[in-house]
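# Understanding the architecture of this molecule
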Amino acid sequence: MLQYLDFEKSVAELEGKAEELRVLAKDDPDMDIGAEVSQLEEKAQKQLSELYGKLTPWRRCQVARHPNRPHALQVIESLIEDFTPLAGDRGFAEDEAVVGGLGRFRERPVVVLGQEKGADTNERLRRNFGMARPEGYRKAIRLMELADRFNLPVLTFVDTPGAYPGKGAEERGQAEAIARSTEKCLELKVPVIASIIGEGGSGGAIALATANRVLMLENSVYSVISPEGCASILWKNADKAQDAAAALRLTAQDLLSLNVVDAVVAEPVGGAHRDKGQTIQSLGDAIEKALAGYDGMDGGKIRLERREKFLAMGRQKLD
Amino acid sequence: MNWITNYVRPKLGTLLNRRETPDNLWVKCDECSQMVFHRELAEAQHVCPYCSHHMGIIPEERFGRLFDKGEFETIAQPETATDPLQFRDEKKYTDRLKDARKKTSRDDAVLIGKGKISGVMTVAAASDFNFMAGSMGMAVGNAFLKAAETAVEAKAPLIIFSAAGGARMQEGILSLMQMPRTTIAVQMVREAGLPYISVFTHPTTGGVTASYAMLGDVQISEPDALICFAGPRVIEQTIREKLPEGFQRAEYLLEHGMLDMVVDRRKMAGEIGKVLRMLMRLPAETAALPDPNGETLSGIVEDKSPASAKSDKT
């Protein structure tokens, strides 16, 4: 069932009424509800497009974290044929917060990596809500090395609240694992295309998003710290998360204007979760277009281009 | 007029200031609460002579004892755009910057120096924790890139002394982007076949630990430095239990395989110099091994005096 966000209350009411009518009409075949239902639905649609036409940064965070939003595995299953998951970091464990493996993207063999939050409570626990431990990043490093050796492009799907802040994760070198993963991204002689599909949570995200091209779904967010974390540190009050969300400039539109992402992929009215199929196909088209730019390009040049792209982020014009 | 009528009443200010005088001349150690005379403390590189607690030290003072004879050239840093997001919380970022600049008399958190360590021409960069907790924004990223470029040009090793609360939130996503940028700085030095030594000082956390700091050819920490990705408070909130004593401290990381060594600040210059000379394939400054037939093995005698760091120099 679709879950509504707090600001979607009016839409929830309208859609609820339409649903009620449909249930009533089921019992009474003579009742003609077509006109009324379509009127209600039209109204709901209008409300929705008004709400989504002017989403505040905080509301975008809410949409980005929506439990029904398409997650990495759904995106991978829809876009990647013959997906063959590969597991383990060969050192300590298999981290299910990071999914990865071989597959074919529109016929082209690729290596895929994604951060998976999980669809239901059990899966969320198993996948640690998409918060990877060092093993997850070390698995990513292993798969990126594989891609480099066999000259396969790397597609990453980023959706994480952040790297897991746990005792064991720290003991096993969370910081080192993230640093090495970012470093590996920068070493590859194959194109890396990153897609931020939900939450791009700080270091946990950059470890898989240091890419040639960074795409972002319209209602995704990407930030150095969560609005809640930022508010509790700078405002000394976690309730100021809405202010922090605005100040951090974490929306896709902001990041495009800061040249941190290369393209924003439109979502249907009401967010990606209202039409997952369409969202995923648009994302697929954007990835295909981005990949095509690297056809026939020399590996050294691919690597250099990626490096230059990141070097530029700090050399903005002085005003 | 005699000396009694000539008496000048002391001003209120002098009475108040008198109370501050001992604070300036004597520093209380946070660890052992001993009062240390400021000159003695500076001489000991801000390491408590009683309990060896390592206090904060500004980059200038650190370089003064790192480079041979305290001689180094300060490398100018590129000008960087400020406040890209026009960020404000309770206070404007530009005001925070202004305060930090006034407090530390520097433009941003990093100082770059070039000079000889044990005779090896070396580029060193150090963060000043007093400047917005040493946090990493675009200027810091640019500083480390400049340090790396200077090292590559001079065919010199690079040493970075980290001290940071993490990424500079006020620069939002652009501070996060300094993680790959500083990683590129490390790669440049590595591609040139030059050593990069990462030195952790208290505290090194967040995005700084998770980028250039953890990528050293050799990783050294000062004793008891907090080194982490997620801070202890965040972890305690997540797992809802108390963390063990010494968790995320330098010695703990050494035990867990994340560091090569923990070195007392007073011996740091000597230790770095020794490693650099080997990595640069240079002969030892002095005979490294004692004569097995010799009567005394002077190198093994433990020297407990704080000034022992000097004995590493020749």
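Because the structure is predicted, anything quoted here is derived from the model rather than measured. (Residues numbered from 1 in each chain as written. Chains lettered and ligands numbered in written order. Predicted model: local features only at pLDDT ≥ 70, side-chain atom pairs only at ≥ 80, totals over all residues. Heavy atoms only, no water.)

### Considerations on the packing of helix H8 (residues 174-187) of chain A against helix H7 (residues 178-191) of chain B
Under the convention used in this document: Lines fitted to C-alpha atoms define the axes, with helix axes restricted to the stretch in contact, and inter-axis angles between N-to-C directions lie between 0 and 180 degrees. Secondary structure follows DSSP: runs of H or I at least 4 residues long count as helices, runs of E at least 2 residues long count as strands, and numbering of each begins at the N terminus. Angular relationships are summarised with four words: roughly parallel below 35 degrees, roughly antiparallel beyond 145, roughly perpendicular across 65 to 115, and oblique for the angles in between. Take the far helix as your reference; a near helix turned counterclockwise from it by less than a right angle gives a left-handed crossing, and one turned clockwise gives a right-handed crossing. The contact definition used throughout considers only heavy atoms, calling two residues in contact when any of these lie within 4.5 Å. In this classification, the charged set is Asp, Glu, Lys and Arg, the nonpolar set is Ala, Val, Leu, Ile, Met, Phe, Trp, Tyr, Cys and Pro, and all remaining amino acids, among them Gly, are polar.
In the contact formed by H8(A) and H7(B), the axes pass within 10 Å of each other and the chain directions differ by 70°. Taken together, the axis directions place H8(A) and H7(B) in an arrangement best described as roughly perpendicular. You can see that H8(A) and H7(B) cross each other, and the crossing is right-handed. In this structure, H8(A) contributes Ile178(A), Arg180(A), Thr182(A), Glu183(A), Leu186(A) and Glu187(A) to the contact, and H7(B) contributes Met179(B), Pro180(B), Thr183(B), Ile184(B), Gln187(B) and Arg190(B). Tallied by class, the residues present in the contact of H8(A) with H7(B) amount to 5 nonpolar, 3 polar and 4 charged.

### What to know about H7(B)
Residue and element names in this part refer to chain B. Formally: The span you would expect from a helix comes to 1.5 Å times its residue count less one. Working definition: with a 1.4 Å probe on protein chains only, accessible area under 20% of the residue-type maximum means buried, over 50% means exposed, and in between means partly exposed.
The terminal C-alpha atoms of H7 lie 20 Å apart, and with 14 residues this matches the ideal 20 Å at 1.5 Å per residue to within 8%. Along H7, 12 of the 14 residues are buried, which leaves the element largely enclosed by surrounding structure. Those residues of H7 lying buried are Gln178, Met179, Pro180, Arg181, Thr182, Thr183, Ile184, Ala185, Val186, Gln187, Met188 and Val189. Where H7 terminates, the next one or two residues include glycine 193, which has phi positive at roughly 75°.

### Comments concerning unusual backbone geometry
When glycine is set aside, most residues are seen to have a negative phi, and most peptide bonds are trans. Residue and element names in this part refer to chain B. That bond from histidine 202 to proline 203 is cis: its omega, -15°, falls within 30 degrees of zero. Counting through the fold element by element, proline 203 comes out in strand S7 (residues 196-204). Here glutamine 45, not a glycine, exhibits a phi torsion of approximately 55°, which is positive. Considering the arrangement of structural elements, one finds glutamine 45 in the loop between helix H2 (38-43) and helix H3 (59-66).

### Observations concerning the domain arrangement of chain A
Residues and elements named next belong to chain A. Put simply, the rule reads: Residue ranges for the domains originate in an automatic or database domain assignment. Accessible surface is computed with a 1.4 Å probe, and the buried area is the amount of it that two parts give up when combined, taken over both parts together.
As assigned here, chain A comprises domain 1 (6-54) and domain 2 (62-311). Each of domain 1 and domain 2 was reduced to a C-alpha centroid, and the two centroids are 36 Å apart. Domain 1 puts 9 residues into the contact, and the matching count from domain 2 is 8 residues. At the boundary of domain 1 with domain 2, total buried surface from both sides reaches about 630 Å², with 53% on carbon and sulfur atoms. Interface area lost by domain 1 to domain 2 is led by Phe7, Leu48 and Tyr52, which between them contribute 58%.

### A short note on the interface of chain B and chain A
Convention followed: One speaks of a salt bridge when a side-chain nitrogen belonging to Lys or Arg is within 4 Å of a carboxyl oxygen belonging to Asp or Glu. Counted as a polar contact is a pair of N or O atoms within 3.5 Å, where, for protein atoms, one must be capable of donating a hydrogen and the other of accepting one, and residues adjacent in sequence contribute only when both atoms are in side chains.
Contact with chain B, which involves 52 residues of that partner, is made by 46 residues of chain A. Together chain B and chain A conceal approximately 4,300 Å² of surface at their shared face, both sides included; 69% is due to carbon and sulfur atoms. Of all residues in chain B, Met169(B), Ile173(B) and Phe229(B) give up the largest surface area on contact with chain A, accounting jointly for 15% of the area buried on that side. The tally of links between chain B and chain A comes to 4 salt bridges. The partner of Arg190(B) in a salt bridge is Glu183(A), with the nearest N and O atoms 2.3 Å apart. At the junction of chain B with chain A, the criterion picks out 16 residue pairs in polar contact (both at pLDDT 80 or more). Mapped by element, the contributors of at least two residues to the side of chain B that touches chain A are helix H5 (138-153), helix H6 (172-176), H7 and helix H9 (232-239) of chain B. A per-element tally of the side of chain B that touches chain A places H7(B) first, with 10 residues. Across the side of chain B that touches chain A, the residue classes break down as 30 nonpolar, 13 polar and 9 charged.

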